[in-house]
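Commentary on secondary and tertiary structure
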Amino acid sequence: MTTLNDDIIGSARQMNFEICRAIPADHPSLAGHFPGAPVVPGVVILDEIAAALAEWHPGCQLTGVRAVKFLLPLKPEQWFTICLTWANSAGMEVDFVSRVEERTIVEGRLQISRVDSKKVVAIPSETPGFNPPPCDPRLAQWLQDYPASLFGERLYQSIELMERYSIDLAIDLLSRLDVIDQLDEWRSAKQLCQALSYQPRFSSVLDWLLKRLLETGCIEARTDGGSRAYRLRHALWKPQLSHLRAIGLDIDSASAPTLDLLDQAATLYPAIARGEQNAEQGLFEPQAIPLWLNYFRNENLTYAVNNWVGAVLAAERLSTRSKLRILEVGAGAGSASEILLRWFDERGLLSRIERYLITEPNAFFRRRGERKLATQYRDLPLEWGALDINSAWDSQGVSGGEFDLVYGVNVLHVAKDLLFSLNQARGALAHDGCLVIGECVRPYVDQPIYPEMIFQILDSFSDVNTDPEIRPNPGFLTADHWRRAFTRAGFERVEIAPQIERIREVYSHFFTAVICGQHVARND
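What comes next is a walk through the structure. (Residues numbered from 1 in each chain as written. Predicted model: local features only at pLDDT ≥ 70, side-chain atom pairs only at ≥ 80, totals over all residues. Heavy atoms only, no water.)

**Focus on the overall build of the protein chain**
Of the regular secondary structure elements, the protein chain holds 18 helices and 15 strands. Over its C-alpha atoms the protein chain spans a radius of gyration of 25 Å, differing by no more than 12% from the 24 Å that the globule rule assigns to 524 residues. In the protein chain, which comprises 524 residues, the share counted as buried stands at 55%. Contacts spanning at least 24 positions in sequence make up 75% of the contacts within the protein chain whose residues lie at least 6 apart. The averaged location of the 67 negative side-chain charges in the protein chain is 1 Å from the averaged location of its 53 positive side-chain charges. (Helix = DSSP H or I, 4+ residues; strand = E, 2+ residues; numbered from the N terminus. Rg over C-alpha atoms; globule rule 2.2 N^0.38 Å. Buried < 20%, exposed > 50% of the residue type's maximum accessible area, 1.4 Å probe, protein only. Contact = heavy atoms within 4.5 Å. Lys, Arg positive; Asp, Glu negative; His and termini not counted. Charge placed at Lys NZ, Arg CZ, Asp CG, Glu CD.)

**Quick look at the packing of helix α4 (residues 153-176) against helix α11 (residues 301-318)**
Between α4 and α11, whose axes approach to 10 Å, the crossing angle comes to 120°. Between α4 and α11, the residues in contact are Arg154, Leu155, Ser158 and Met162 and Leu301, Thr302 and Val305, respectively. Here the residues of the contact of α4 with α11 sort into 4 nonpolar, 2 polar and 1 charged. (Axes fitted to C-alpha atoms, helices over the stretch in contact; angles between N-to-C directions. Nonpolar A, V, L, I, M, F, W, Y, C, P; charged D, E, K, R; others polar.)

**Regarding the pairing of strand β11 (residues 382-385)**
Looking at chain direction, strand β10 (residues 353-359) and β11 are connected through 4 bridges and run parallel. Bridged to Thr359 within β11 is Gly385. Once you follow β10 into helix α13 (residues 363-376) and on to β11, the crossover reads as right-handed. (Pairing = 2+ DSSP bridges. Right-handed = clockwise from strand over helix to strand, strands pointing away.)

**Some points on unusual backbone geometry**
Residue Pro498 is reached from Ala497 by a cis peptide bond, and omega for that bond is -10°. With respect to the secondary-structure elements, Pro498 resides in the loop between β14 (492-497) and α18 (500-503). Unlike most non-glycine residues, Asp432 shows phi in positive territory, near 70°. Of note, Asp432 is situated in strand β13 (residues 429-440).

Now the structure itself:
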C-alpha cells in the first residue's frame, strides 16, 4: 500500500477540511426509515464523509473505516458539518467528526490509500420541480396555542415557495454577477469580490448567496483557517422565476408583495456590488414605498405571522393585570399594533389598556399607522411618537419604570448595540413588566432564510456591533443567541415561543418566533 507524497502531506498538515451538507427529505434512503419521524441512516452520513474526503484530496481513496461512533441522530434537511484532519504523519489515516451546530453526531477514523486522480466532469443539474414534503403532523400540536387559520397548509406552502424562489433568484444573481465562472476552483467570497472588482463589503452578501446554494448540492463549501471557500460541484439549474411566481400566487395571491420585494432587492445587487448604488435609496425610493406598504399588510400572511406570535404571547403574559401601559417600538405602518389590539380584544384585554404609546422613527409610516388605528379605535388612549432605539430612551420622553409591556416586531435585530437597546427596554419597564419581541429567528447557525435577500443589502441591517456570544453575525439570530442576550441584559423568565428548537428538527424552514423576558427589580 502506497502513502501520500511529501508535498501533499505538507500542505495537508497546514489545514483541516470542513464542508457543509444536508440530506434532502426526498432522499431514497429515508423511505420507510422510521415513518413519521425520519432519521438519516448512518451509512448515508458515511457516504457524505467519503465524498468529503474525495473533495479534500482527489488523490485519496477510502479503503476502510477504522472506527466510527454515532452519538446523535441526524434529521432530513438538517445542516451538518464534516471536518477532516490527518490522524498521523504517515498520511494513511484521517480523523473525521460531523456536527450539527456544536453537537457532535458522529466521529471516527478512516483508512486511506492514494490513487491516480482524475478530473471530475461537471454534470448539469436538472431543474427540480416544486414539490415540498408533507407538513409534519407534530407541528399542529406545537402550534395549538395559535389561531387555527394561522399555521395552516397555505402558510407552509408559501414559505416553502419563498425559500425555493430565493434559491432560483440566487442562481440568477450569481450568473449576472459573473460569479459562476469563477467557481472552477475553491474561492472565498472575499476572493471573488477581489477577482471581480466588487466592493469589499459586498463579500458578506455574496457569501449569503453562495450559502443559499449549498442546499442545491450544486455548490460545496469548505473552511480553511476560518475562511469559508466555495466551488462548483455541478452545473446549476436554469432558474424558473416566472413559473415559481405563478405557483406562489396560486397558493396565496396575498403573498405577491413578498415576491415583489424579493425581485426589487435582487435588481439592486449588481449596482451595489460595483458601488454604483446605495440599497437604502433603491429600496426606499418613492416608487418603492407601495411595495413596503403592501408587504407589511396583515393580509400578507408570510409577514403577518410575525405579528401574530408576538400578540399571542403578550396577551398570555399580561392576562392577569388590571391595567396595561404599553410601549411599542419600530411600529412601522401599524400592522403589528393592529394585530395586538385585535387579539387583546378577543381575549377581553382591550378595556384594560390605560396607555398605548406607538413609536416609529419614520414619519411617513408613523402617520400612515396613526390614520388607520386612530379611526378604528377611537375610544382607546393611543399615542404616537418617534423613538430611536439606538439612543437613550429617557432623553426621548420614555421615563424609567413606566410601562407594563415593551413590544416590537422585527425591530431589535437591527439595533446598533443589541445589549444597549435591550437594557433601554428593561429600564422602561415597571416591576414585573415584560419585553415581548416577535422576530425572524434563524433555526440553525449560518442557515440562510429567504427574507435576508431583501434586507441584507441595507446598511441598517448589516452595520451593527457583533458579539461572539449573543450576536456573531448581523441580521437574524438563533433562539440560543436571543436567550443569551436577554439573560445578559438582566431579564428573567426568558421564554421563546413556539418551540422553535423542537420544530426545526422536523421543519428546518420554520423561523417565526417571539422572545419574552420579565423585568424583576434589583439593585443594578
